[in-house]
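Secondary and tertiary structure notes
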Amino acid sequence: MKLVVQVMGARDLNGLSDPYVKVKLGKQKFKTKVVKKTLNPYWGEEFAFRVDDLNDELLISVLDEDKYFNDDFVGCVKFPVSQVFDSHNKCLDTCWHPLQPKSKKPKHQDCGEILLNISFVTNNAFSDSASEGDHFGAESPSRSFVSETASPQRGKLDDKEEKEKEKEKEKSLAQKSLAGRLVQMFNKNPDVSVMSSTHSSKTDLTELVDIAEPTSEDHSASVPFDELMKTMQSREQAAETPENLPGGVLLDQMYVTEPKHLNTLLFSPDSTFPKALADLHGTTELEQGPWKFENDCLKRVVTYVKAASKLVKACKGTEDQQYLKADGKVFAVLASVNTPDVPYGKTFRTELLYCITPGPELPSGEQCTRFVISWRMNFLQSTMMKGMIENGARQGLKDSYEQYATSLSQNVKPADSKDLGSNKDQVLASLQAEPQSDWKLAVQYFANFTVVSTLFIGFYMMVHIWLATPSTIQGLEFVGLDLPDSLGEFIVCGVLVLQGERVLGLISRFMQARVQKGSDHGVKAQGDGWLLTVALIEGSNIAAVDSTGFSDPYVVFSCNGKTRTSSIKFQKCNPMWNEIFEFDAMDEPPSVLDVEIYDFDGPFDEATSLGHAEINFVKTNISDLADLWIPLRGKLAQACQSKLHLRIFLNNTRGGNVVNHFINKMEKEVGKKITVRSPQTNSAFQKLFGLPPEEFLINDFTCHLKRKMPLQGRLFLSARIIGFHANLFGRKTKFFFLWEDIEDIHIVPPTLSSMGSPTIVMTLRQGRGMDARHGAKTQDEEGRLKFHFQSFVSFNVANRTIMALWKARSLSPEQKVQIIEEESEVKSLQTDESGSFLGLDDVSMSEVHSSSHAVPANFFVELFGGGDLDRRVMEKAGCLNYSHTPWESEKGDVYVRQIYYRYDKRVSQYRGEVTSTQQKSCLSDKNGWLFQEVMTLHAIPLGDYFNVHIRYQIEDTPPGCQVKVSFGIEWLKSTKHQKRITKNVLKNLQDRLKVSFAVVEKEFTTR
């Protein structure tokens, strides 16, 4: 007897991402493939065990793969073999079984569920099915089980086919006696044998008929296709759409039709499309079996004879089709193709996944559907010809599905790419914030317990005052001052003050919410190249951090070192923005868009992050970003299940010139001619790493990846990624990561272990590139991965190309200062002919600091000299990446310089950037120096609403000096937050002055 275990899938696994299944019976062990990054995996594999003792126990365990540590245990389920044997039809029907934890202590722990089918199969039936090309049993214990456990009944064969089968049977009977002896001599398993007698053959046939006997569900064969689809919709299905198969994508096209109509055209038994497609391919004897429910899955079998090609003669094919999902909007069909007559055909099956999903609505209002076909090879046996089989199948499928796409386009209209592109303008034009009356806002803000209770208490007190008689003056009271006369009166007064303060705060926030506007909304992008447009629609379940039970959220988008900030929505947990942000044109396509949502409390106060997310353009199809809800990560966001509704569009305004422009720029950095790769090479590169079509290859180098042992392969460099691929003895190693993920690149001199070649060591940022961790040599204590590449054929060219591409993604502070000087023309930073700042007389300056120091004025002036003291003070004050220009004479004794720095996280949560212009001149009495500074804040909320003016007056008063600091804010835009921002900036300035002056005094005493 054989025990057959079908491992279908699992759901609701407990917080794991790379699950697989181990199946064990006695000493026999098997395991499934690993499904990456999902909590609801689908395996679809079948295992066969030889049963020697009915007292044995079948153990099925679900584990999470870990490349570097022991695999994590998820849960398990156990079945006594006797339980299966004693059940009806010796079979446990397909159903969900709850997984049990490893330890019995956490009894209520939810480990998820696994979908299984377990049944007994007789040895003879098992052997016969294997001998007919099913490739199941001792040869291959694991295989895809789609529509393979029960063969559907076929129609009557015509006379010719019957005669041919009778001849084949006669030949096989003539050889059976010899075959039986050979099996008895060499087969180690005595349970599996070939019976030569007529009586045993009849017995086997009877057992086969018993196994393939139609079940009660066979009535579905006569049910119309539409009714079967409705039945599928009513059943519980997986929430996630199946991912594309790893072999590659054969077809990815948008069609102007509804998903259900395209599904009917492709898979309905009444459709004429499969027959027309068969005629186009030269396929004959096409027979489409009826759709039937088997083990709670909708399946059918299609048979045909494929036309002969240049390499393969005409052969018979059997295609087992099964619906993985059919909910009315998304349809996924998995097809397993068996062609045993082709060379090595008994060692593999070709699997195809047809996935139909809704697409964006076209400008004409018509529904658009996305149709994707992906494939993979499922090898039932190990073979040395694996690479040759995959390459041959890939080329054959590519040619076949090019004709498939052509034939389908004649039946269904493909969506025009221009229509899909114009959908952006239509979507953005529709984003208009709905006007809301002041009355509705007033009700929304003030209809709460705080306001109602305050009004009630106030009304009650007014009535009391009207009814009560004036009390006599006593204690410390006098005319006009009535103090509480008891503890109860004191408590009532305190409650009234607190309630009044809260109501005034609500009124203030209400006024702010009415006048607040976003700083970057509606700002048009500049230049030609890759234009990124982000539409922020709304938020859902934003975490409440204020005492009122709400928050003041705003969103910051960051891409390629540039940021865009939304408006602040006061007292909202489900804010509605409807704002559009455009990033200036980029020479190369962006890699990542960082999204973070904050609660606003002030430019320099520690902001609370309400959640963050990352959109990876390299791993995501651009069409999928046209309308999406993105879940936010972070403790607060995950606790509240916060989400943002975004619409993202990425357009190229240069066409093919973008590639040439970028390569020309890289040639100047590398100092060597870079050849533009052909479309075929770029297409192969994109398919190799699963990249979007806009990615283009720049260069590739042969090298060794150093891990425990050097691995020879090729390093691929593009505008956004660096990837490695190796294929040695049929074992493939493949990974890639973004240039932005790299924190540092350094060169290790040649050593004996590196075979006399320098080694390029790339250190990634903490937590980045985890998908490529299997290629890293080490991982440091901070969690940063390190990749070692060596043995380059041309090391100098490879090193220069890598460094140029990396620097192109991370500009230095000096380059940022240069860009700011060239592009931003801030009027408040310009000087007039007299040397004084424009607009300075309009700014109200007030003295905020005055102190005497036992430091000579000449030494104190070094604070602005640009030397070591200047740099140490800035670092101590939390100013990172500090850079400056030399002092240049503007007019006479007036000097000007520009400075740049970024705030440390402990100074400003937003880590904003500062560009500042400083002017130096002598005091009128020549007894000291006057330094004037105008600061502009970047990447800080409302930073473009104001400039900060600071005046330092340093007078020489031997043996020390007197320092006076004045402060003022120039408001460029009107806002209701002026007092709040002024107080916040002033506090930051005073703290910075204390730290800076303390460092100057310490440096003077140590010299």
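Predicted model only: the values in this text are computed from it and were never measured.

The subject of this paragraph is the overall build of the protein. If you tally the helices and strands in the protein, you get 20 helices and 41 strands. Intrachain contacts of the protein at a sequence separation of at least 6 include 62% that bridge at least 24 residues. Accessible surface for the protein amounts to roughly 53300 Å². Of this, 53% is attributable to carbon and sulfur atoms.

The next subject is the packing of helix H6 (residues 259-267) against helix H8 (residues 386-411). H8 packs onto H6 with a crossing angle of 120° between their chain directions and a minimal axis gap of 12 Å. For the element pair H6 / H8, the angle class is oblique. Between H6 and H8 the crossing geometry is right-handed. The segment H6 lies against H8, with Leu262, Leu265 and Leu266 engaging Tyr404, Leu408 and Asn411. Class assignment of the residues belonging to the contact of H6 with H8 gives a composition of five nonpolar, one polar and no charged.

Turning our attention to the sheet that holds strand S23 (residues 608-616). If you walk across this open sheet you meet the four strands as S20-S19-S22-S23, and the pairing is antiparallel. The open sheet is flanked by strand S20 (562-565) and S23, the only strands paired with a single partner. The sheet shows a mean angle of 20° between the axes of neighbouring strands, taken without regard to direction. Here four bridges tie strand S19 (residues 553-559) to S20, and the two strands are oriented antiparallel to one another. Across the sheet, Val556 pairs through a bridge with Thr565, a residue of S20.

For Ser566, the position within the fold is in the loop between S20 and strand S21 (576-586). Classification of Ser566 by relative accessible area gives buried; the value is 4%. Here Val555 takes part through its backbone nitrogen, which lies 2.8 Å from a polar atom of the side chain of Ser566.

What follows is about the sheet that holds strand S6 (residues 72-80). Strands sit in the order S3-S2-S5-S6 across an open sheet of four strands; the sheet is antiparallel. Of all strands in the sheet, those bounded by a partner on one side alone are strand S3 (28-31) and S6. Across the sheet, the axes of successive neighbouring strands diverge by a mean angle of 15°, strand direction being ignored. The pairing of strand S2 (residues 19-25) with strand S5 (residues 57-64) spans seven bridges and is antiparallel. Its bridge partner being in S5, Lys24 is matched across the sheet by Leu59.

This next bit is on the pairing of strand S24 (residues 628-631). A one-sided burial pattern is seen for S24, the buried positions being Leu628 and Ile630 and the unburied ones Trp629 and Pro631. Bridge analysis of S24 against strand S25 (residues 643-652) gives four bridges, and the strand direction is antiparallel. Within S25, the position partnered with Trp629 by the bridge is His645.

Here the focus is the environment of Glu319. Tracing the sequence through the fold places Glu319 in strand S14 (residues 315-326). Look at Glu319 and you get buried, because its relative accessible area is 9%. With 19 residues separating them in the primary sequence, Glu319 and Arg300 have C-alpha atoms 8.4 Å apart. In this structure the side chain of Glu319 is engaged in a polar contact, spanning 3.2 Å, whose partner is the side chain of Tyr304. A distance of 2.9 Å separates the side chain of Glu319 from the side chain of Gln321, its partner in a polar contact.

With that settled, the discussion passes to a nonpolar patch on the surface. Residues Phe459, Val463, Trp466 and Leu467 make up a contiguous nonpolar surface patch of about 520 Å² in total accessible area. Considering the arrangement of structural elements, one finds Trp466 in helix H11 (residues 449-467).

Residue-level pLDDT values for the protein average 77, and 77% of them are 70 or greater. Low pLDDT, under 50, characterises residues 143-163; the stretch is placed with 49 contacts to residues that sit more than four places away or in other chains.

Two elements in contact, helix H7 (residues 273-281) and H8, have axes whose closest approach is 10 Å; the angle formed by their N-to-C orientations is 135°. Judged by the angle between their axes, H7 and H8 are oblique. Of the two possible hands of crossing, H7 and H8 adopt the one that is right-handed. In this structure, H7 contributes Phe273, Leu277, Leu280 and His281 to the contact, and H8 contributes Ser400, Gln403, Tyr404, Ser407, Leu408 and Asn411. In terms of residue class, the contact of H7 with H8 is built from five nonpolar, five polar and no charged.

Attention shifts here to unusual backbone geometry. The peptide bond linking Pro958 to Pro959 adopts the cis configuration, its omega dihedral lying at 5°. Note on placement: Pro959 falls in the loop between strand S40 (946-957) and strand S41 (960-971). Of note in the backbone geometry, Lys90 takes a positive phi value of approximately 50° without being a glycine. Mapped onto the elements of the fold, Lys90 is located in the loop between helix H1 (81-86) and strand S7 (91-98).

It is worth spelling out the pattern of salt bridges at this point. Under the criterion given, the structure shown has 23 salt bridges. Put simply, Glu695 and Arg720 hold a salt bridge, and the shortest N to O gap is 2.5 Å. In this pair, Glu695 is assigned in the loop between helix H15 (679-689) and strand S26 (697-706) and Arg720 in the loop between strand S27 (710-718) and strand S28 (721-728), connecting sequence segments 25 residues apart. The residues Glu695 and Arg720 share a single accessibility class, namely buried. Note that Glu913 is salt-bridged to Arg902, the shortest N-O span being 2.7 Å. One end of the pair, Glu913, is in strand S38 (residues 913-922); the other, Arg902, is in strand S37 (residues 894-903), with 11 residues separating them in the sequence. Across this residue pair, the class does not change: Glu913 and Arg902 are buried.

Rules behind the numbers
Residues numbered from 1 in each chain as written. Predicted model: local features only at pLDDT ≥ 70, side-chain atom pairs only at ≥ 80, totals over all residues. Heavy atoms only, no water. Helix = DSSP H or I, 4+ residues; strand = E, 2+ residues; numbered from the N terminus. Contact = heavy atoms within 4.5 Å. Areas by Shrake-Rupley, 256 points an atom, 1.4 Å probe, with all protein chains shown as cover. Axes fitted to C-alpha atoms, helices over the stretch in contact; angles between N-to-C directions. Parallel < 35°, antiparallel > 145°, perpendicular 65-115°, else oblique. Left-handed = near helix turned anticlockwise from the far one by under 90°. Nonpolar A, V, L, I, M, F, W, Y, C, P; charged D, E, K, R; others polar. Pairing = 2+ DSSP bridges. Buried < 20%, exposed > 50% of the residue type's maximum accessible area, 1.4 Å probe, protein only. Polar contact = N/O pair within 3.5 Å; in protein donor to acceptor, adjacent residues only side chain to side chain. Patch = residues over 30% accessible without salt bridge, like charges linked within 9 Å, V, L, I, M, F, W, Y side chains within 5 Å. Salt bridge = Lys/Arg side-chain N within 4 Å of Asp/Glu carboxyl O. pLDDT = per-residue confidence, 0-100.

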